[in-house]
Amino acid sequence: MPQLSLSFRQAFNAEATDDVPIVLVALTPNDGGETVYLSSDPTQRLSEDPLRYGTISKGPDGQTREYEFVLMAMAWPDDQEASPPATSLTFDNVAEDMAATARSVTPGTQADVVMSLVTSSDPDFVEETYLMKATGATYDAQSVSLSVSREPIETEPYPAQRMTKQRFPGQFR
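All of the points below concern the structure found in this document. All figures in this text were calculated on a predicted structure; none of them were measured in a lab.

A sheet is described by the order of its strands in space; here 10 strands give the open sequence β3-β4-β5-β2-β1-β8-β9-β10-β7-β6, paired in mixed fashion. The open sheet has two edge strands, β3 (44-47) and β6 (72-74), and neither has a second partner. Each adjacent strand pair in this sheet contributes to an overall mean axis angle of 35 degrees, direction not counted. Bridge count between β3 and strand β4 (residues 52-57): 3 bridges; the pairing is antiparallel. When the sheet's bridge partners are listed, Gln44 is paired in β4 with Gly54.

Given below as structure tokens:
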């Protein structure tokens, strides 16, 4: 269970508040395409022509970026015992490269998805970050839906390093 700050939980559970919880999403296709940065809140105006709203945040990597506002629906990643956490993200298909990102998600080439939770009062402080992979995508003229999951821990190689004389000299005495 993630440890969220009291102010984030109050903003999340409040009936009416000026401090809004925000989901920041970074989609990076594995085919070498450009990363798409999206926000669930129109925190401030990013540009006049064209008119764009979004959130400016340092995000989880500490670099200040503009996350463009799109209408999105997201469920918290589930916590099933026999499978890795999974969720789905649904965006309105308004950004010009959203469908291209969705098309790049195939079983062999998954897109990296970084979901971060922040608040509108302090968008530079990341409450929680989920590093996941888009495992499937559907899209049409109105929306783009991504199935997102983490890789099963069973796919991690063990042991991670080879037992060689250079790495583990004590084993070869």
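Turning next to the pattern of salt bridges. Scanning the model with the defined rule gives 5 salt bridges in all. For Glu48, the salt bridge goes to Arg45, with nearest N and O atoms at 2.9 Å. With its nearest N and O atoms 2.5 Å apart, the salt bridge here joins Asp61 to Arg65. Classification of Asp61 by relative accessible area gives partly exposed; the value is 46%. The structure contains a network of salt bridges with shared partners spanning Arg52, Glu66 and Glu68.

Further remarks concern the side chain of Ser120. Tracing the sequence through the fold places Ser120 in the loop between β8 (111-119) and β9 (128-139). When its relative accessible area of 18% is taken as the criterion, Ser120 is described as buried. Within the local environment of Ser120, its side chain forms a polar contact with the side chain of Asp19, the two groups lying 3.5 Å apart. Filtering out sequence-adjacent residues up to four positions away, Ser120 remains in contact with Asp18, Asp19, Val20 and Ile22.

This brings us to the pairing of strand β2 (residues 36-39). Inspection of the sheet shows strand β1 (residues 21-28) paired to β2 by 4 bridges, in the antiparallel sense. Bridge pairing links Ala26 to Tyr37 in β2.

This part is about unusual backbone geometry. The linkage connecting Asp49 with the following residue, Pro50, adopts the cis geometry, with an omega of 5 degrees. Structurally, the position occupied by Pro50 is in the loop between β3 and β4.

The rules behind these values
Residues numbered from 1 in each chain as written. Predicted model: local features only at pLDDT ≥ 70, side-chain atom pairs only at ≥ 80, totals over all residues. Heavy atoms only, no water. Pairing = 2+ DSSP bridges. Helix = DSSP H or I, 4+ residues; strand = E, 2+ residues; numbered from the N terminus. Axes fitted to C-alpha atoms, helices over the stretch in contact; angles between N-to-C directions. Salt bridge = Lys/Arg side-chain N within 4 Å of Asp/Glu carboxyl O. Buried < 20%, exposed > 50% of the residue type's maximum accessible area, 1.4 Å probe, protein only. Polar contact = N/O pair within 3.5 Å; in protein donor to acceptor, adjacent residues only side chain to side chain. Contact = heavy atoms within 4.5 Å.

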